[in-house]
Amino acid sequence: MSRFLLIGPPGAGKGTQAEQLSVAFGIPAISTGDIFRHNVKNETELGKLAKSYMDRGEYVPDSLTNDLVRDRLSQPDVAAGFLLDGYPRTAEQVTELDAILADNSSELDAVIQLTADTDEVVRRLLGRAAEQGRADDTEDVIRRRLEVYEEQTAPLIDSYASRGLVIRIDGLGPVAEVTERIIEALENQSGISPR
Ligand code: ADP
């Protein structure tokens, strides 16, 4: 059973690593950011609500985000485990995830903290803006997303660390190398191996 969280600043490479780990461990990677973007694109009610926050680099309200994740984690494909990318990001989301897991009599196995310094993440995000044109990849919004991450999400790492769950991984370097670091650390520190 592998139940992981991936935490790190915007641009640290969470989405990229989530895809690699999803394949290696045979578990779904669940990205709240991707789910919101999908809803925005399809102009659903949720998408309409989420868009105004996302465009400004602010977090979507906890109530919406928590309902979405509770629903996603009730689907059958998470029975063998899951990797959450970009959730929880607030103290209230941590509380909700604890409640969801308790309701399912399950627990987290590891919290993977992906690090990258600010210059590097800004450089990556501006690069991505040029390639993909994501609405929230403009320089002002990027700066706001980094601020919100530092204020609201970085402190959550301490609370997971006090539970002994955090493995800290340097997110700089070639994608495959970073994946290798994560897998090695999971094996060495948490005794968890890919399938
Ligand atoms: P990044 O981490 O690179 O900023 P994401 O794709 O993970 O990008 O998220 C994009 C946006 O989606 C966030 O800036 C936020 O508005 C919204 N979002 C994603 N996950 C959450 C969450 N757990 N809580 C609140 N808002 C979220």
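Here is a short report on the structure shown in this document. (Residues numbered from 1 in each chain as written. Predicted model: local features only at pLDDT ≥ 70, side-chain atom pairs only at ≥ 80, totals over all residues. Heavy atoms only, no water.)

### As for the site of the ligand
- Lining the immediate environment of the ligand, one finds 19 residues, of which Thr32, Arg37, Glu58, Gly86 and Arg89 sit closest.
- Arg37 is positioned with one of its side-chain polar atoms (N or O) 2.8 Å from an oxygen atom of the ligand.
- Between Arg134 and the ligand, the recorded distance is 3.2 Å, taken from a side-chain N or O atom to an oxygen atom.
- Computed on the free molecule, the ligand has an accessible area of 550 Å², of which 97% lies beneath the protein chains in the complex. (Near = heavy atom within 4 Å. Polar contact = N/O pair within 3.5 Å; in protein donor to acceptor, adjacent residues only side chain to side chain. Areas by Shrake-Rupley, 256 points an atom, 1.4 Å probe, with all protein chains shown as cover.)

### Examining unusual backbone geometry
- Geometrically, the link from Tyr87 to Pro88 is a cis peptide bond, its omega value of 0° lying close to zero.
- Checked against the element boundaries, Pro88 lands in the loop between strand S3 (81-85) and helix H5 (91-103).
- Positive phi, close to 55°, is recorded for Glu43, a residue that is not glycine.
- Relative to the helices and strands, Glu43 is located in the loop between helix H2 (32-41) and helix H3 (45-56).
- Backbone geometry places Ser105, a non-glycine residue, at a positive phi of 50°.
- Mapped onto the elements, Ser105 comes out in the loop between H5 and strand S4 (110-115).
- Classification of Ser105 by relative accessible area gives exposed; the value is 71%. (Helix = DSSP H or I, 4+ residues; strand = E, 2+ residues; numbered from the N terminus. Buried < 20%, exposed > 50% of the residue type's maximum accessible area, 1.4 Å probe, protein only.)

### A look at the packing of aromatic side chains
- Under the counting rule described, the total for this entry stands at one aromatic pair.
- Both rings, one in Phe4 and one in Phe25, keep their centres 5.1 Å apart while their planes meet at 80°; by these two values the pair is edge-to-face. A residue pair is termed long-range when its members are at least 10 positions apart, and Phe4 in strand S1 (residues 2-7) and Phe25 in helix H1 (residues 14-25) qualify at 21 residues. Considered together, Phe4 and Phe25 belong to a single accessibility category, that of buried residues. (Phe/Tyr/Trp six-rings, centres within 6.5 Å; stacked < 30°, edge-to-face > 60°.)

### Some details on the nonpolar core
- Counting 29 residues, the largest nonpolar core has Leu73, Leu84, Leu97, Leu108, Val111 and Tyr160 as its most contacted members.
- Elements with a minimum of two residues in this core: S1, H3, helix H4 (62-72), S3, H5 and helix H7 (139-161).
- In terms of residues, this core owes the most to one element, H7, which gives five residues.
- Ignoring sequence-local partners within four residues, the contact set of Tyr160 consists of Leu5, Ile7, Pro88, Val94, Leu97, Leu108, Val111, Leu165 and Val166.
- Residues Val121, Leu125, Leu146 and Leu186 belong to the second largest nonpolar core, which totals 24 residues. (Core = buried A, V, L, I, M, F, W, Y, C linked by side-chain atoms within 4.5 Å. Contact = heavy atoms within 4.5 Å.)

### Observations concerning the environment of Phe4
- Relative accessible area serves as the criterion here: at 0%, Phe4 is assigned to the buried category.
- Considering only alpha carbons, one finds Phe4 and Gly81, 77 residues apart in sequence, at a separation of 8.0 Å.
- Setting aside anything within four residues of it in sequence, one finds Phe4 in contact with Phe25, Ile27, Phe82, Leu83, Leu84, Asp109, Ala110, Ile112, Leu186 and Ile192.

### Section: the packing of H1 against helix H8 (residues 175-190)
- Orientation of H1 relative to H8, taken along the N-to-C sense of each, is 55°, at an axis distance of 10 Å. On the basis of the axis angle, H1 is oblique to H8. The element H1 and its partner H8 pack so that their crossing is right-handed. In contact with Thr16, Gln17, Gln20, Leu21, Ala24 and Phe25 of H1, H8 contributes Val175, Val178, Thr179, Ile182, Ile183 and Leu186.
- A breakdown of the residues in the contact of H1 with H8 according to their chemical character gives eight nonpolar, four polar and no charged. (Axes fitted to C-alpha atoms, helices over the stretch in contact; angles between N-to-C directions. Parallel < 35°, antiparallel > 145°, perpendicular 65-115°, else oblique. Left-handed = near helix turned anticlockwise from the far one by under 90°. Nonpolar A, V, L, I, M, F, W, Y, C, P; charged D, E, K, R; others polar.)

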